[in-house]
Amino acid sequence: MVELSALMIELGNIITFVMVVLALNLMAGFAGIPNFGMAVFVYTGAFVVGALSVRFALLLLAVLDPATLEALLNKPSYKPYVGDMSLVEIILFKTMEPTINRTLIPELSSIISQNLVLALSVLIFTFVVAVFLGVVVGVISSYAAVRLKEDYLAIALLAFSEMMVQVFFAQTDSLAGGRYAIYAPNMWPSELSSVAAALPLGVKPELTLGLILAIGLAALTYLYAERIANSPMGRALRAMRDDEFVLSTYGRDIAAMRLRVMMIGGALAALAGVIYAMNFQPVVKATDYTRLAWTFVPWAMMIIGGMANNLGVVLGAVAIYVGRKALEFALPELFDALKAVGLVTEAAAVDVIRAVAPNIFVGVLILLMLYLRPKGLVEEMPGRTLGDKLRELKEKFSR
């Protein structure tokens, strides 16, 4: 069942990108805010999973079952590293050290899964705090969104994201592992894992539960984005994108609108980061959340799908992700054929081409789409609800 597990992980990754692109489309497609700092929003959710949920679980375990926590931290594998440090000091400064983290997290995950109250508390804490921090990051970013416009705003948000993820978090080892990969704990209670294990899939129950949760959250995110798009708020966002000066003459507070949309988008992107780190990425590492993977690729997905169209950006996300993966699978056989005829000889050149080919694919696809369909796969259709679109499709195919 290795192939099925790999397929489920890839499906989970697609769902993660769908949620990220829906959040980006709300900010950039509808509101016209060129957010080139999406990586920091996604990493915020992953940070909560890797760093804060572990600390919260240990603190809660100290209240619910102090004997178990004391036995855990007094094991010979930890004692040389923690010495006589207090519980608070261990939680704050030692849980992210690789030598401790790699053995602590599997043991802590086992304890969490056997305690229903602890497991549900950690799950709820993770999602609530991720949404809260996503909103906070959105508020911080909105200060630039209010004062800067277009290119200057895009550069400022990109710089903010790089500064936070690749400089601050990546160089602060005790906070969230920094340069080192830290393990994400398993937060699923054994009761739910038993139900998932009964399904005839033959994969890890945690993966099944994570995929079900991801699908549910992605569906809710899409419905919420559609509701905003077809509400008075959505029409106001489009008007702000097209001409904010005219909108302000009608009494609309542009700064408040930008703040609100950055808060909502930040919360949705942070939820995507939680889903990705908790279910489909076994470790959390700040340097993995790059501007290429979590900012530029989502922008490409949105442009190809069709800005300000939720259905379009979903299709764009699926098309880009599947296309990149298909190219990665096809490249080895292609290079073997080129080597056989002597067209490729340098191994280093092959590695470089394999690394850049998926990105070249994205660039070429964007150029083709801008030439053939400049408005994307699905054009923006203001004022039409999802029900209207479904009825039109039904009438079209019933003829």
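Everything that follows concerns the structure shown earlier in this document.
Here goes a summary of the coordinates provided.

Rules behind the numbers
Residues numbered from 1 in each chain as written. Predicted model: local features only at pLDDT ≥ 70, side-chain atom pairs only at ≥ 80, totals over all residues. Heavy atoms only, no water. Helix = DSSP H or I, 4+ residues; strand = E, 2+ residues; numbered from the N terminus. Salt bridge = Lys/Arg side-chain N within 4 Å of Asp/Glu carboxyl O. Buried < 20%, exposed > 50% of the residue type's maximum accessible area, 1.4 Å probe, protein only. Phe/Tyr/Trp six-rings, centres within 6.5 Å; stacked < 30°, edge-to-face > 60°. 1 Å grid on protein atoms, 1.4 Å probe; cavity = no way out; pocket = protein on both sides within 12 Å on 5 of 7 lines; lining within 4 Å. Points joined across faces, edges and corners; volume = space filled by probe spheres on them. Nonpolar A, V, L, I, M, F, W, Y, C, P; charged D, E, K, R; others polar. Core = buried A, V, L, I, M, F, W, Y, C linked by side-chain atoms within 4.5 Å. Contact = heavy atoms within 4.5 Å. Patch = residues over 30% accessible without salt bridge, like charges linked within 9 Å, V, L, I, M, F, W, Y side chains within 5 Å. Areas by Shrake-Rupley, 256 points an atom, 1.4 Å probe, with all protein chains shown as cover. Axes fitted to C-alpha atoms, helices over the stretch in contact; angles between N-to-C directions. Left-handed = near helix turned anticlockwise from the far one by under 90°.

**So, unusual backbone geometry**
- With phi around 65°, alanine 308 is a residue other than glycine that occupies positive phi space.
- Note that alanine 308 resides in the loop between helix 14 (291–305) and helix 15 (310–340).

**Considering the pattern of salt bridges**
- In this structure the tally under the stated criterion is six salt bridges.
- For lysine 94, the salt bridge identified is with glutamate 97, shortest N-O distance 3.1 Å.
- Given a relative accessible area of 25%, glutamate 97 falls into the partly exposed group.
- The shortest N-O distance in the salt bridge between aspartate 173 and arginine 179 comes to 2.6 Å.
- Residue aspartate 173 is classed as partly exposed on the basis of its relative accessible area, which comes to 25%.
- For arginine 179, a relative accessible area of 42% gives the class partly exposed.

**Let's talk about the packing of aromatic side chains**
- Under the criterion given, the structure shown has 13 aromatic pairs.
- Between phenylalanine 36 and tryptophan 299, the ring centres sit 4.6 Å apart and the planes meet at 15°, which makes this aromatic pair stacked. Of this pair, phenylalanine 36 sits in the loop between helix 1 (2–30) and helix 2 (38–64) while tryptophan 299 sits in helix 14, and the two are 263 residues apart along the sequence.
- Of the residues examined, tryptophan 299 reaches a relative accessible area of 11% and is grouped as buried.
- Ring plane angle 90° and centroid distance 6.3 Å describe the contact between tyrosine 276 and tyrosine 289, whose orientation is recorded as edge-to-face. With tyrosine 276 in helix 13 (residues 254–280) and tyrosine 289 in the loop between strand 2 (283–284) and helix 14, the pair connects residues that are 13 residues apart, well separated along the chain. Here tyrosine 276 matches tyrosine 289 in class, with each residue buried.
- What links up through ring pairs into an aromatic cluster is the set Phe17, Tyr43, Phe47, Phe168, Phe169, Tyr276, Tyr289, Trp294 and Tyr321.

**Section: the layout of surface pockets**
- One number sums up the size of the largest pocket: a volume of about 610 Å³.
- If you go around the largest pocket, you meet 22 residues; those closest to its centre are Lys204, Glu206, Met278, Asn279 and Pro282.
- Of all the elements, helix 6 (residues 98–113) adds the most residues to the lining of the largest pocket, at five residues.
- Tallied by class, residues from the lining of the largest pocket come to 13 nonpolar, seven polar and two charged.
- Approximately 340 Å³ is the volume attributed to the second largest pocket.
- If you trace the second largest pocket, you find 15 residues lining it, with Phe17, Tyr321, Arg324, Lys325 and Glu328 closest to the centre.
- When contributions to the lining of the second largest pocket are tallied by element, the ones reaching two or more residues are helix 1, helix 14, helix 15 and helix 16 (347–372).
- Counting residues per element, the lining of the second largest pocket draws most heavily on helix 14, which supplies five residues.
- Residues belonging to the lining of the second largest pocket are distributed by class as follows: 10 nonpolar, two polar and three charged.

**A few points about the nonpolar core**
- Counting 117 residues, the largest nonpolar core has Tyr43, Leu237 and Tyr289 as the members making the most contacts within it.
- Of the residues forming this core, the biggest block, 16 residues, is contributed by helix 2.
- When neighbours within four sequence positions are excluded, leucine 237 is seen to be in contact with Leu26, Phe30, Ala31, Ile228, Met257 and Val261.

**A few points about the environment of isoleucine 140**
- Locating isoleucine 140 in the fold gives a position in helix 7 (residues 116–147).
- Exposure remark for isoleucine 140: the relative accessible area of 43% places this residue in the partly exposed category.

**Points about a nonpolar patch on the surface**
- Together, Val356, Ile360, Val364, Leu368, Tyr371 and Leu372 make up a nonpolar patch on the protein surface, roughly 620 Å² of accessible area in all.
- Note that tyrosine 371 resides in helix 16.

**Some points on the packing of helix 7 against helix 8 (residues 150–169)**
- Two elements in contact, helix 7 and helix 8, have axes separated by 9 Å at closest approach and are oriented at 145°. For the pair helix 7 and helix 8, the sense of crossing is right-handed. Residues Val137, Ile140, Ser141, Ala144 and Ala145 of helix 7 pack against Leu153, Leu157 and Phe160 of helix 8.
- Looking at the contact of helix 7 with helix 8, its residues break down into seven nonpolar, one polar and no charged.

**A look at the environment of glycine 216**
- You can see glycine 216 is positioned in helix 11 (residues 205–229).
- On the accessibility criterion, glycine 216 (30% relative accessible area) is partly exposed.
- Sequence separation of glycine 216 and isoleucine 15 is 201 residues, and the distance between their C-alpha atoms is 9.9 Å.

Distances and angles like these do not, on their own, reveal function.
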